[in-house]
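Commentary on secondary and tertiary structure
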Amino acid sequence: SPTWLRLNPARTQFEPIPERVALVQRMFELAAKGMGPQAIAKVFNTERVPSWSSRKSGIRAWRGTMIAKVLFGRAVLG
């Protein structure tokens, strides 16, 4: 499932995670202003926005590839 959704307690449907949905919206706003995935990642890292990386990976910073996956993926289409 997309990282901005979670299963509801009944495990019957997905529900949005509001703070992550807001971040996805911000990604698109920054992209619409001409920023690329790397630049958006730099903004998020400068602002110390927590990344959605798996704890197993040990990666805590945003990367352009993570942003690109959201911006160019079909999951945001719904």
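Residues numbered from 1 in each chain as written. Predicted model: local features only at pLDDT ≥ 70, side-chain atom pairs only at ≥ 80, totals over all residues. Heavy atoms only, no water.

In terms of nonpolar packing, the biggest core is built from 14 residues, with Leu23, Met27, Ile40, Phe44, Trp52, Trp62 and Ile67 touching the most fellow members. The residues touching tryptophan 52, leaving out its near neighbours within four places in the chain, are Thr3, Trp4, Arg20, Leu23, Val24, Met27, Trp62, Met66 and Val70. (Core = buried A, V, L, I, M, F, W, Y, C linked by side-chain atoms within 4.5 Å. Buried < 20%, exposed > 50% of the residue type's maximum accessible area, 1.4 Å probe, protein only. Contact = heavy atoms within 4.5 Å.)

What follows is about helix H1 (residues 18-32). Taking 1.5 Å of rise per residue, the 15 residues of H1 would be expected to cover 21 Å, and the 21 Å separating its terminal C-alpha atoms lies within 8% of that figure. Buried residues of H1: Leu23, Val24, Met27 and Leu30, and no others. Along the axis of H1, the buried residues cluster in a sector spanning 125°; they form a single face. Opposite its buried face, H1 presents the exposed residues Pro18 and Ala32, each directed more than 90 degrees away. Each element contacted by the buried residues of H1 is listed here: helix H2 (37-46) and helix H3 (64-72). (Helix = DSSP H or I, 4+ residues; strand = E, 2+ residues; numbered from the N terminus. Expected span 1.5 Å × (residues − 1). Arc of directions from axis to C-beta.)

By the definition in use, this model includes three aromatic pairs. Judged by centre distance (6.5 Å) and plane angle (50°), the rings of tryptophan 4 and tryptophan 52 are tilted. Separated by 48 residues along the polypeptide, tryptophan 4 in the segment before strand E1 (5-7) and tryptophan 52 in the loop between H2 and H3 bring together distant segments of the chain. With respect to class, tryptophan 4 is no different from tryptophan 52; both count as buried. Arranged with centres 5.3 Å apart and planes meeting at 70°, the rings of tryptophan 52 and tryptophan 62 form a pair that is edge-to-face. Linking tryptophan 52 in the loop between H2 and H3 with tryptophan 62 in the loop between H2 and H3, this pair joins segments that are ten residues apart in sequence. In textbook terms, an aromatic cluster arises when at least three aromatic residues are bridged by ring pairs, as seen for Trp4, Phe44, Trp52 and Trp62. (Phe/Tyr/Trp six-rings, centres within 6.5 Å; stacked < 30°, edge-to-face > 60°.)

This part is about the confidence of the model for the protein chain. Reading fine detail from the predicted coordinates is not recommended where pLDDT is low. The predicted model of the protein chain averages 90 in pLDDT, with 90% of residues at 70 or higher. Mean pLDDT across the elements of the protein chain bottoms out in E1 (92) and peaks in H2 (97). (pLDDT = per-residue confidence, 0-100.)

Tallied over the entire structure, the rule returns two salt bridges. For glutamate 15, the salt bridge goes to arginine 6, with nearest N and O atoms at 3.1 Å. Under the relative-accessibility criterion, glutamate 15 is labelled partly exposed at 28%. (Salt bridge = Lys/Arg side-chain N within 4 Å of Asp/Glu carboxyl O.)

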